[in-house]
Amino acid sequence: MSTHPLSSGLYLSQFADGKRCEDVSMVSNTAEATEDTPTTEAPFDLDATLRAHYPRITRVIARVVKDPARSEELAVDVFVRLWREPKAHGGQTPGWLYRTAVRHGLDDLRRVTRRARYEPLLRLAGGGSSPEEAAAAGQEHGRVRLTLLALRRDQAMLLVLRGHGLSYDELADAAGVTPSSVGTLLRRAREVFRKEYISRYGDTR
Amino acid sequence: MATHDDPELERWVDDRMATLEPEPQKQPGVDEGLAQLKTPRAQQRGRKPIGLWLVSAAVVVWGGAMVVTLGPWTGDDPDPAQVMAGTTEAPPPGTAGGAAAGTPPPTRRPPEPGLTAIDERPDAPHFTLPDADGGNAMLTDYAGRVLLLNFWATWCGPCKVEMPWFEEFEDTFADDGFAVLGVSLDEPGWDIVRPFLERQPLNYRIALADTPERVAPFGETYVLPKTWLIDRQGRIAAAHVGLVDFDSTESQIQQLLAE
């Protein structure tokens, strides 16, 4: 097998803080990681950020994936991604965390749904019930989750975060839009959601 | 904004979104989260390795059954040891399958390489390959999009392990400007690829490089699977030989989409 010359560099150098790199298993060579690292900015404190936001981020993800244990795993993943994304450090961190958390949750939900459909054996190994099973059993949360998967991710994200109680300003931060446009975007998302839901399940209430 | 309010619509949707309220539970443990953050990543993610192991185990069991039913290794199917190692060597030219070289599998795959710095990325080669729909797949079809170019073959076990992952990437990121193109290197051509696709339909585009001339632009293809990530400007941002790592590849796709 040949080693491709492209496999170098940026990935490791993105872990900006050498001493913290020791904590993450994906980075094996901290010396290499710090070699080309700019040192002008204050180090990003991942521990403090996680302490400040972890419970809220975990609960947002739990709205999407339902499984509390899984939501904690995914929340940790979100913080790993935050660490690897220097552009998200600073004032925009909360909005980035909410946005990434919902997307990560939706991606995991899509993954679970797909695998439950094509790989039923995996459920025997602890995959749990899928949204489709819940929806088939008449459980509203299963129907809502499947409907969210049919929406564009930005629309699903707005609905999940609004349902979680975020203000228009917070939604604007998470969606990367101006606060004045949130109302319009949210209404469109609601319209699309209702149309999609009714086309699948009828108006059940 | 008040002008956009529709109380009935809002109530209708909010009623349903309220069903997603997590059940009362203990407060998520910050200390547990920190501990997980400092745990090797493979141990953090409990389910994906189980799935991977089940799929891999199924492939190995299937391979073992083939040995039992067909006798000694025939070379038409992937060597289970190589499946576990995540690679399959290409067959000799002119055959539909190939005998494995028998290199011992590594005990652990190396970490996924990252993305190459933007100004160091080489241009992806231009290609024109027949696709499964009767058209031609060309690099220029993907201008402005991030492309996952995967080289595979019907006789390659690890290639089949990756296929559901690539379907998932296509499903998840297509709206963001991403596409998967699977290039089959099966020399018998569509005669063997089409029946495979009928048995295992894929949601991404499949093209065929069944002659040396068609394979030539892509360089070394002795070991499969082989995967390139090509950025929106048509440059190779990452190249990987062997079974990709799902999480790393997903992360790289997201990074490329954000560039």
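Remember, predicted model here, so these are calculated numbers, not experimental data.

Trainee: Teacher, can you tell me more about helix 10 (residues 153–163) of chain A here?
Mentor: It helps to recall that an α-helix has 3.6 residues per turn; residues three or four apart then point in one direction. Residues and elements named next belong to chain A. Buried residues dominate helix 10, accounting for eight of its eleven residues. Turning to helix 10, its buried residues number three or more, namely Arg153, Gln155, Ala156, Met157, Leu158, Leu159, Val160 and Leu161. Among the residues trailing helix 10, glycine 165 stands out with phi positive, at a value near 100°.

Trainee: Got a minute to help me understand the sheet that holds strand 9 (residues 236–241) of chain B in this structure?
Mentor: Two orientations exist for strands paired in a sheet by backbone hydrogen bonds: parallel and antiparallel. Residue and element names in this part refer to chain B. Taken together, five strands build an open sheet; the order of strands is 6-5-4-8-9 and the sheet is mixed. Bordering the open sheet on either side are strand 6 (205–208) and strand 9, each of which pairs with just one other strand. Taking each pair of neighbouring strands and ignoring which way they run, the sheet shows an average axis angle of 20°.

Trainee: Is there a simple way to explain the state of the cysteines in this structure?
Mentor: Residues and elements named next belong to chain B. Taken as a whole and judged by the stated rule, the model has one disulfide over all chains. Paired through a disulfide, cysteine 156 and cysteine 159 show a sulfur-sulfur distance of 2.1 Å. Residues cysteine 156 and cysteine 159 are joined through a disulfide that is right-handed, its torsion about the S-S bond being 85°. Summarising the burial analysis for this pair, cysteine 156 and cysteine 159 share the class buried.

Trainee: Please explain the packing of aromatic side chains as it appears in this structure.
Mentor: Remark: the centre distance and the inter-plane angle together describe each pair of aromatic rings, the angle taken between the planes. Summed over the entire model, instances satisfying the criterion amount to 16 aromatic pairs over all chains. Ring centres of tyrosine 54 of chain A and phenylalanine 79 of chain A lie 6.2 Å apart, and the angle between their planes is 45°; on these two criteria the pair is classed as tilted. One end of the pair, tyrosine 54 of chain A, is in helix 4 (residues 46–65); the other, phenylalanine 79 of chain A, is in helix 5 (residues 68–83), and 25 residues separate them in sequence. The pair formed by tyrosine 54 of chain A and phenylalanine 79 of chain A is uniform in burial state, with each residue classed as buried. Residues phenylalanine 166 of chain B and tyrosine 204 of chain B carry aromatic rings whose centres are separated by 6.3 Å and whose planes lie at 75° to one another, so their mutual orientation is edge-to-face.

Trainee: Please explain the packing of helix 11 (residues 168–175) of chain A against helix 12 (residues 179–201) of chain A as it appears in this structure.
Mentor: The angle between the axes and the distance between the axes are what describe a pair of packed helices. All names here are of chain A. Relative to each other, helix 11 and helix 12 sit at 90°, their axes nearing to 8 Å. In terms of orientation, helix 11 lies roughly perpendicular with respect to helix 12. Here helix 11 contributes Tyr168, Asp169, Leu171 and Ala172 to the contact with helix 12, which in turn contributes Pro179, Val182, Gly183 and Leu186. Among the residues making up the contact of helix 11 with helix 12, the classes are represented as six nonpolar, one polar and one charged.

Trainee: I'm lost on the side chain of glutamate 167 of chain B in this one. Help?
Mentor: By secondary structure assignment, the location of glutamate 167 of chain B is in helix 6 (residues 157–173). Once residues lying within four places of it in the same chain are set aside, the contact partners of glutamate 167 of chain B are Arg114 of chain A together with Pro201, Leu202, Asn203 and Tyr204 of chain B.

Trainee: I keep staring at the pattern of salt bridges and nothing clicks. Help me out?
Mentor: On inspection of all chains with the given rule, the structure shows 21 salt bridges over all chains. For arginine 153 of chain A, the salt bridge is made with aspartate 176 of chain B, and the minimal N-O distance between the two is 3.0 Å. In this pair, arginine 153 of chain A sits in helix 10 while aspartate 176 of chain B sits in the loop between helix 6 and strand 5 (178–184), so the two residues belong to two different chains. Taking the relative accessible area as the measure of exposure, aspartate 176 of chain B reaches 34% and is therefore partly exposed. For the salt bridge of arginine 214 of chain B with aspartate 210 of chain B, the shortest nitrogen-to-oxygen distance reads 2.7 Å.

Trainee: Looking at this model, I keep getting lost on the packing of helix 10 of chain A against helix 12 of chain A. Mind explaining?
Mentor: Residue and element names in this part refer to chain A. For the pair helix 10 and helix 12, interaxial distance at closest approach is 9 Å and the crossing angle is 100°. In terms of their interaxial angle, helix 10 and helix 12 are classed as roughly perpendicular. Residues Gln155, Leu158, Leu159 and Arg162 of helix 10 pack against Leu185, Leu186, Arg188, Ala189, Arg190, Val192 and Phe193 of helix 12. In terms of residue class, the contact of helix 10 with helix 12 is made up of seven nonpolar, one polar and three charged.

Trainee: Can you help me understand the nonpolar core in this one?
Mentor: Burial of nonpolar side chains together is a common tendency in soluble globular proteins. Of all hydrophobic cores here, the largest spans 55 residues; its most connected members are Leu149, Phe178 and Leu181 of chain B. Every element with two or more residues in this core is listed here: strand 4 (146–152), helix 6, strand 5, helix 7 (190–199), strand 6, strand 8 (226–230), strand 9 and helix 9 (246–258) of chain B. With seven residues, the single largest contributor to this core is helix 6 of chain B. Ignoring anything within four residues of it in the chain, the contact list for leucine 149 of chain B reads Phe127, Leu181, Val183, Phe218, Lys226, Thr227, Trp228 and Ile230 of chain B. Counting 52 residues, the second largest nonpolar core, distinct from the first, contains Leu106, Leu148 and Leu171 of chain A together with Leu9 of chain B.

Trainee: How should I be thinking about the pairing of strand 6 of chain B in this particular structure?
Mentor: Residues in a regular strand point their side chains to alternate faces of the sheet. Residue and element names in this part refer to chain B. Where strand 5 meets strand 6, four bridges bridge the pair, whose relative direction is parallel. Among the inter-strand pairings, glycine 182 is bridged to a residue of strand 6, identified as isoleucine 206. As for the winding sense of the linkage, the β-α-β connection from strand 5 through helix 7 to strand 6 is right-handed.

Cut-offs and rules
- Positions within a chain are numbered from 1, following the residues in the order the chain's sequence is written.
- In the order they appear in the text, chains get letters beginning with A and ligands get numbers beginning with 1.
- The predicted nature of this model means local features are confined to residues of pLDDT at least 70 and side-chain atom pairs, given and counted, to a pLDDT of 80 or more, with totals for whole chains, interfaces and linings taken over all residues.
- In computing side-chain properties, one takes all heavy atoms of the structure into account and sets aside hydrogens as well as water.
- Note on exposure labels: buried denotes an accessible area under 20% of the residue type's maximum, exposed denotes more than 50%, and partly exposed covers the range between, all computed with a 1.4 Å probe on protein chains only.
- The helix and strand labels rest on DSSP assignments: H or I over at least four residues marks a helix, E over at least two residues marks a strand, and numbering proceeds from the N terminus.
- Two strands qualify as a pair provided DSSP detects at least 2 bridges between them.
- To define axes, lines are fitted to C-alpha atoms, for helices over the stretch in contact only, and angles between the resulting N-to-C directions are given on a 0 to 180 degree scale.
- The criterion for a disulfide is a pair of cysteine sulfur atoms lying within 2.5 Å.
- Pairs were defined over the aromatic rings of Phe, Tyr and Trp, the Trp ring being its six-membered one, requiring ring centres within 6.5 Å. Orientation was assigned from the angle between planes: stacked under 30 degrees, edge-to-face over 60, tilted for the rest.
- Should an angle fall under 35 degrees it is taken as roughly parallel, and over 145 as roughly antiparallel, whereas 65 to 115 is taken as roughly perpendicular and any remaining angle as oblique.
- Contacts were defined at the residue level, with two residues in contact if any of their heavy atoms lie within 4.5 Å.
- Charged residues are taken to be Asp, Glu, Lys and Arg, nonpolar residues to be Ala, Val, Leu, Ile, Met, Phe, Trp, Tyr, Cys and Pro, and polar residues to be all remaining types, Gly included.
- Think of a salt bridge as a Lys or Arg side-chain nitrogen and an Asp or Glu carboxyl oxygen that are within 4 Å of each other.
- Residues grouped as a nonpolar core are buried Ala, Val, Leu, Ile, Met, Phe, Trp, Tyr and Cys residues, joined through side-chain atoms within 4.5 Å.
- Here, the term right-handed applies to a crossover whose path from the first strand over the helix to the second runs clockwise when the strands point away from the viewer.

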